[in-house]
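Close look at the chain arrangement
Each chain is listed here by its residues.
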Amino acid sequence: MFCTRVKEFLRKNNIAFTDRDITSDATALAELEKLGVMTTPVTVVDGETVVGYDVNRLKTLLGV
């Protein structure tokens with residue numbers, strides 16, 4: 001549910017993003033583990049990690 005909300009937020013604000021599904025992409029899962037996070041959604045903006053649907057943090061990092 002929150003994955004969908006993050007994607008909707010990004011689309012609404014015309015922010016390009018890469019959607020990666022950890023259930024079918026072992027590399028994406030390994031990268032998530034390397035970040036030390038085991039929940040989704042995870043959004044990385046200029047090296048900053050946002051866990052979950054934290055719209056205020058996304059707005060701040062993306063300048064929206």
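The shown structure was predicted, so the numbers you read here are calculated from the model rather than taken from an experiment.

Conventions and cut-offs
Residues numbered from 1 in each chain as written. Predicted model: local features only at pLDDT ≥ 70, side-chain atom pairs only at ≥ 80, totals over all residues. Heavy atoms only, no water. Core = buried A, V, L, I, M, F, W, Y, C linked by side-chain atoms within 4.5 Å. Buried < 20%, exposed > 50% of the residue type's maximum accessible area, 1.4 Å probe, protein only. Helix = DSSP H or I, 4+ residues; strand = E, 2+ residues; numbered from the N terminus. Contact = heavy atoms within 4.5 Å. Patch = residues over 30% accessible without salt bridge, like charges linked within 9 Å, V, L, I, M, F, W, Y side chains within 5 Å. Areas by Shrake-Rupley, 256 points an atom, 1.4 Å probe, with all protein chains shown as cover. Salt bridge = Lys/Arg side-chain N within 4 Å of Asp/Glu carboxyl O. Pairing = 2+ DSSP bridges.

**Let's talk about the nonpolar core**
Within the largest apolar cluster, 5 residues are counted, these being Val6, Phe9, Leu10, Val50 and Leu58. Sorting elements by how many residues they give to this core places helix H1 (residues 2-12) first, with 3 residues. In this structure valine 6 touches Pro41, Thr43, Gly52 and Tyr53, once residues within four positions along its chain are discounted.

**Digging into a nonpolar patch on the surface**
A contiguous nonpolar surface patch, about 330 Å² in accessible area, is contributed by Met1, Phe2 and Tyr53. By the element assignment, tyrosine 53 lies in the loop between strand E2 (48-51) and helix H3 (55-62). Here tyrosine 53 falls in the partly exposed class, since its relative accessible area comes to 31%.

**So, the pairing of E2**
Strand direction decides the pairing type here: strand E1 (residues 42-45) and E2, joined by 4 bridges, are antiparallel. Paired with valine 45 across the two strands is glutamate 48, which belongs to E2. Here E1 folds back onto E2 in antiparallel fashion, the turn holding 2 residues, of which aspartate 46 has a positive phi close to 50°.

**Considerations on the pattern of salt bridges**
Side chains carrying opposite charge are able to pair once their charged atoms draw close together. Evaluation of the coordinates by the stated rule reveals 4 salt bridges. A salt bridge links aspartate 19 to lysine 7; the shortest N-O distance between them is 3.3 Å. Here aspartate 19, found in the loop between H1 and helix H2 (26-35), pairs with lysine 7, found in helix H1; they are 12 residues apart in sequence, far enough to count as distant. For lysine 7, a relative accessible area of 22% puts it in the partly exposed group.

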